[in-house]
Amino acid sequence: KRKMGNCFGGEPQEKKKPVIIEEEEEQETALKLLLLGSGESGKSTIFKQIQNIHKNYFTDEIRKIYMSHVHQNLLESMINLTKAVEELDLEFEEENKGFAEKVIALEDEEDKETMCDPEFLKKLGKLWTDKGIQKAVTQRNKFQLYDSTKYLYGKINEIADEEYLPTLE
């Protein structure tokens, strides 16, 4: 049986909900959480933990994206540490002075990520063991240093491996 207004014959199509209505319904069921806190207080960590618990969010692709954050944190931490060694009138070991100066010079570089190849990361790891750097770490309350610095530098050889992917730790 044909209905009026159906010029081409066939069965009338089901009416679809407009996309906007579907999105509004999804928003109504979504939980929203506002995390407030100062820098380095753990807001991102809590958010990532919630994602990890409730979804399988951290695919290998997402973890590869986080590699740049790990590299950036390692480099920024070492820049801050090398500057702190100078500002606190501490001394680098003789064999590390040249590389420490290169690290300080990287502070104004725009694209720091491209420098973080495995060889460079290993050099950062060697600089981490410098006595001047370690003395600066004990005085970290006098300058900005990421909370994750000790953890990341403790795993620097693993992170420098080309096959490394961040874990959920």
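Please refer to the structure higher up on the page.
The sections below set out a description of the structure shown in this document. Keep in mind that this is a model prediction, so the values were computed, not measured.

### Quick word on the side chain of Ser 77
- Take Ser 77: it is sitting in helix 3 (residues 60-87).
- Here Ser 77 falls in the buried class, since its relative accessible area comes to 2%.
- Discounting chain neighbours no more than four positions away, the residues touching Ser 77 are Leu 145, Tyr 146, Thr 149 and Tyr 153.

### Side note on the packing of helix 3 against helix 6 (residues 131-138)
- For the pair helix 3 and helix 6, interaxial distance at closest approach is 9 Å and the crossing angle is 95°. Here helix 3 lies roughly perpendicular to helix 6, going by the angle between them. Here helix 3 contributes Met 78, Leu 81, Thr 82, Ala 84 and Val 85 to the contact with helix 6, which in turn contributes Gly 132, Ile 133, Ala 136 and Val 137.

### Some details on the nonpolar core
- Of all hydrophobic cores here, the largest spans 32 residues; its most connected members are Leu 74, Met 78, Leu 81, Leu 121, Leu 124, Leu 127 and Ile 133.
- Broken down by secondary-structure element, the contributors of at least two residues to this core are helix 3, helix 4 (97-105), helix 5 (118-128), helix 6, helix 7 (149-154) and helix 8 (156-160).
- Element by element, the count of residues in this core is highest for helix 3, at nine residues.
- Setting aside its immediate chain neighbours within four residues, Leu 81 contacts Trp 128, Ile 133, Ala 136, Val 137, Phe 143, Leu 145 and Thr 149.

### Observations regarding the packing of helix 4 against helix 5
- Taken N-terminus to C-terminus, the directions of helix 4 and helix 5 make an angle of 115°; their axes are 11 Å apart at the nearest point. On the basis of their axis angle, the class for helix 4 and helix 5 is roughly perpendicular. The two elements helix 4 and helix 5 meet at a crossing, and its hand is left-handed. Residues Phe 99, Ala 100 and Val 103 of helix 4 form the contact with helix 5, whose own contacting residues are Phe 120, Lys 123, Leu 124 and Leu 127.
- Grouping the amino acids of the contact of helix 4 with helix 5 by side-chain chemistry returns six nonpolar, no polar and one charged.

### Details of helix 5
- Of the positions making up helix 5, those classed as buried are Phe 120, Leu 121, Leu 124, Gly 125, Leu 127 and Trp 128. Projected onto a plane normal to the axis of helix 5, the buried residues spread over an arc of 160° and lie on a single side.
- Check the buried side of helix 5 and you find it contacts helix 3, helix 4, helix 6, helix 7 and helix 8.
- Capping the start of helix 5 is the job of one residue whose side-chain oxygen sits 3.1 Å from the backbone nitrogen of Glu 119: Asp 117.

Reading the values: rules and limits
- Residues numbered from 1 in each chain as written.
- Predicted model: local features only at pLDDT ≥ 70, side-chain atom pairs only at ≥ 80, totals over all residues.
- Heavy atoms only, no water.
- Helix = DSSP H or I, 4+ residues; strand = E, 2+ residues; numbered from the N terminus.
- Buried < 20%, exposed > 50% of the residue type's maximum accessible area, 1.4 Å probe, protein only.
- Contact = heavy atoms within 4.5 Å.
- Axes fitted to C-alpha atoms, helices over the stretch in contact; angles between N-to-C directions.
- Parallel < 35°, antiparallel > 145°, perpendicular 65-115°, else oblique.
- Core = buried A, V, L, I, M, F, W, Y, C linked by side-chain atoms within 4.5 Å.
- Left-handed = near helix turned anticlockwise from the far one by under 90°.
- Nonpolar A, V, L, I, M, F, W, Y, C, P; charged D, E, K, R; others polar.
- Arc of directions from axis to C-beta.
- Polar contact = N/O pair within 3.5 Å; in protein donor to acceptor, adjacent residues only side chain to side chain.

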